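# Secondary and tertiary structure notes
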Amino acid sequence: GYLNLEPCYPAISPPMAVSFPHGLHSPPNPMLTHSPSPSTSQHQLYMDINTKLGVPLAVQVRFQLSAILRPDASFPLLNRLNTTKLVPLFWASEGFDQPTSWMVTNTRLALSLPSAAAYGLAGGLTLLGVFIVSGWMCLRKRRNKL
C-alpha cells in the first residue's frame, strides 16, 4: 500500500506518501488521481545476497513519492477537491544489478579463507607432531646408547 509519512516527521508533517512505483503490490486505492500500471520487472525491490557471508551481490530499491492533497479553504485550487487525493510526484531506483569485479574477487577470497586456514592449521599441527615425535625418538635412542 501507501505509507503516510506525516506521522514519521511530526515536526513538519509533510503531506506525502511513499510506495512501490505505480502502486506495485498495493490494493486498489480510490484516492489515486489515475489508475496505476505497475510492472513487476521494472518496479520491484530485490536483493541478491550471498547466504554464507550476507554480502549483497545485486540490490535494486525502488520507491515512489506521492503528494497527499486535501480540500483546503485557504487554497482555492485545493478547495475545489471534494476528497483527499494521492498525486504521484516521481519514482526512483537506487542500487546495482551485478557485483563489481572487486566485490567478486573479495567475496571469493572471503569464502576460500576458512578452508585455506583449516588446511594450513591441520598441516602445521601435523608437522609439529612429526617434529615432537622425531625429537622424542632421537632422545630415546640416545638414552638407550648410554
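The structure under discussion appears in the preceding block.
Moving on to the overall build of the chain. Of regular secondary structure, the chain possesses three helices and five strands. Secondary structure elements of the chain, listed N to C terminal, follow the sequence β-β-α-β-β-α-β-α. Relative to a compact globule of 146 residues, whose C-alpha radius of gyration would be 15 Å, the chain shows 32 Å and is clearly more extended. Expressed along its principal axes, the backbone C-alpha trace of the chain runs to roughly 115 × 35 × 25 Å. Residues classed as buried in the chain amount to 18% of the 146 residues present. Partitioning the intrachain contacts of the chain with sequence separation of at least 6 by distance along the chain shows that 54% fall at a separation of at least 24. Summing over all exposed atoms, the chain offers an accessible surface of approximately 10900 Å²; the carbon and sulfur share of this is 65%. Of note, the chain has its 11 positive side-chain charges centred 35 Å away from the centre of its 5 negative side-chain charges.

Right, let's get into the side chain of Asn50. Mapped onto the elements, Asn50 comes out in the loop between strand E3 (46-49) and strand E4 (56-69). Reaching out from Asn50, the side chain makes a polar contact with the backbone nitrogen of Lys52 at a distance of 2.9 Å. Those residues in contact with Asn50 that sit more than four places away from it in its chain are Val55, Leu57, Thr107 and Leu111.

For the rest of this paragraph, the subject is a nonpolar patch on the surface. Residues Leu45, Met47, Ile49 and Val61 make up a contiguous nonpolar surface patch of roughly 320 Å² in combined accessible area. Among the secondary structure elements, Met47 is positioned in strand E3. Exposure remark for Met47: the relative accessible area of 52% places this residue in the exposed category.

Calculation notes
- Residues numbered from 1 in each chain as written.
- Predicted model: local features only at pLDDT ≥ 70, side-chain atom pairs only at ≥ 80, totals over all residues.
- Heavy atoms only, no water.
- Helix = DSSP H or I, 4+ residues; strand = E, 2+ residues; numbered from the N terminus.
- Rg over C-alpha atoms; globule rule 2.2 N^0.38 Å.
- Buried < 20%, exposed > 50% of the residue type's maximum accessible area, 1.4 Å probe, protein only.
- Contact = heavy atoms within 4.5 Å.
- Areas by Shrake-Rupley, 256 points an atom, 1.4 Å probe, with all protein chains shown as cover.
- Lys, Arg positive; Asp, Glu negative; His and termini not counted.
- Charge placed at Lys NZ, Arg CZ, Asp CG, Glu CD.
- Polar contact = N/O pair within 3.5 Å; in protein donor to acceptor, adjacent residues only side chain to side chain.
- Patch = residues over 30% accessible without salt bridge, like charges linked within 9 Å, V, L, I, M, F, W, Y side chains within 5 Å.
- Salt bridge = Lys/Arg side-chain N within 4 Å of Asp/Glu carboxyl O.

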